[in-house]
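Chain residues, written in single-letter form:
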Amino acid sequence: MRIVHRKGGESRVLASNVEEATGTLAKGRGLMLRGSVPEDYAMIFPFQQPANRTIHMLFVRVPLDVLWLVEDEVTHVSTLRPWIGLAHGIADTVVELPKGAADGVGAGDTVELVE
């Protein structure tokens, strides 16, 4: 699986090593306590329907770029600091990436999970 960003007819791969957080425990744990995250890595959090989704960085040791998506359209982008970051947005899918991986991604862009 890959995470692909599309904007203005161009596309680029944001991550080619994608892990899906399924289940309540996996979604709650996310990337907590990991010492590092590979450059081409993403963790996705799929949900049944769009709602306000909050991401916290408690026990997350590395900075992250976070994307909130509704039907593959980016609704919010935030870069969060380790341990103290907190942000929220409307999403049916949340994507966590290493800091800098989402540079150039903005609200209204398309980000897709591609097999």
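The coordinates are above.
Please read these numbers as outputs of a predicted model, since none were measured by experiment. Numbering of residues starts from 1 in each chain and follows the order in which that chain's sequence is written. Residues qualify for local features only when their pLDDT is at least 70, as the model is predicted, and side-chain atom pairs are given and counted only at 80 or more; totals for whole chains, interfaces and linings, by contrast, use all residues. The side-chain figures draw on all heavy atoms in the structure; neither hydrogens nor water molecules are used.

Asker: What is the right way to read the overall build of the protein from this model?
Answerer: A run of H or I in DSSP becomes a helix once it reaches four residues, and a run of E becomes a strand once it reaches two; helices and strands are each numbered from the N terminus. Counting its regular elements, the protein contains one helix and eight strands. Each helix (α) and strand (β) of the protein, taken in turn from the N terminus, gives the series β-β-β-α-β-β-β-β-β. Its C-alpha atoms give the protein principal-axis dimensions of roughly 40 × 30 × 25 Å. A burial count over the protein gives 41% of its 115 residues as buried. What makes two residues a contact is simply this: any of their non-hydrogen atoms within 4.5 Å. For the protein, long-range pairs separated by at least 24 residues make up 66% of all intrachain contacts whose partners lie at least 6 apart in sequence. The accessible surface values rely on the Shrake-Rupley method and a 1.4 Å probe; as for residues, cover is taken only from the protein chains in view. For the protein, the exposed area adds up to about 6300 Å²; of that, 50% sits on carbon and sulfur atoms. Charged side chains in the protein number 11 positive and 15 negative. The centres of these two groups are separated by 7 Å. Burial here depends on accessible area, computed with a 1.4 Å probe over protein chains only, as a share of the maximum for the residue type. Under 20% is buried, over 50% is exposed, and the range in between is partly exposed. Counted as positive: Lys and Arg. Counted as negative: Asp and Glu. His and the chain ends are not counted at all. One atom stands in for each charge, and that atom is NZ of Lys, CZ of Arg, CG of Asp or CD of Glu.

Asker: Whenever I open this one, the nonpolar core confuses me. Can you help?
Answerer: Soluble, globular proteins show a tendency: their nonpolar side chains are buried together. Nine residue types can take part in a nonpolar core, namely buried Ala, Val, Leu, Ile, Met, Phe, Trp, Tyr and Cys, and a core is a set of them joined through side-chain atoms within 4.5 Å. Membership of the largest hydrophobic core comes to 18 residues, with the highest contact counts inside it found for Leu64, Val66, Trp68 and Val94. Contributing elements (two or more residues each) for this core: strand S4 (41–56), strand S5 (64–70) and strand S7 (86–98). With four residues, the top contributor of residues to this core is S4. Those residues within four positions of Leu64 in sequence are excluded, and the remaining contacts are Leu31, Met57, Ser78, Thr79, Leu80, Glu96, Leu97, Pro98 and Lys99. Judged by nonpolar contacts, the second largest core, of 15 residues, contains Val18, Val74, Val95 and Ala102.

Asker: Whenever I open this one, the packing of aromatic side chains confuses me. Can you help?
Answerer: Ring pairs (aromatic) are described by centroid distance and by the angle formed between their planes. Within 6.5 Å between ring centres, the rings of Phe, Tyr and Trp (the latter by its six-membered ring) count as paired, and their orientation is classed by plane angle as stacked under 30 degrees, edge-to-face over 60, tilted in between. Using the criterion set out here, one finds one aromatic pair in the structure. Aromatic side chains Phe59 and Trp83 sit 5.6 Å apart centroid to centroid with 65 degrees between the ring planes, which places their arrangement in the edge-to-face category. Of this pair, Phe59 sits in the loop between S4 and S5 while Trp83 sits in the loop between strand S6 (73–80) and S7, and the two are 24 residues apart along the sequence. The criterion for a charge sitting over a ring is simple: Lys NZ or Arg CZ within 6 Å of the ring centre, and within 35 degrees of the ring normal. A cation over an aromatic ring shows up here: Lys27 above the ring of Phe47, its NZ or CZ 4.4 Å from the ring centre. Against the face of Phe47 rests Arg53, its NZ or CZ located 3.8 Å from the ring centre.

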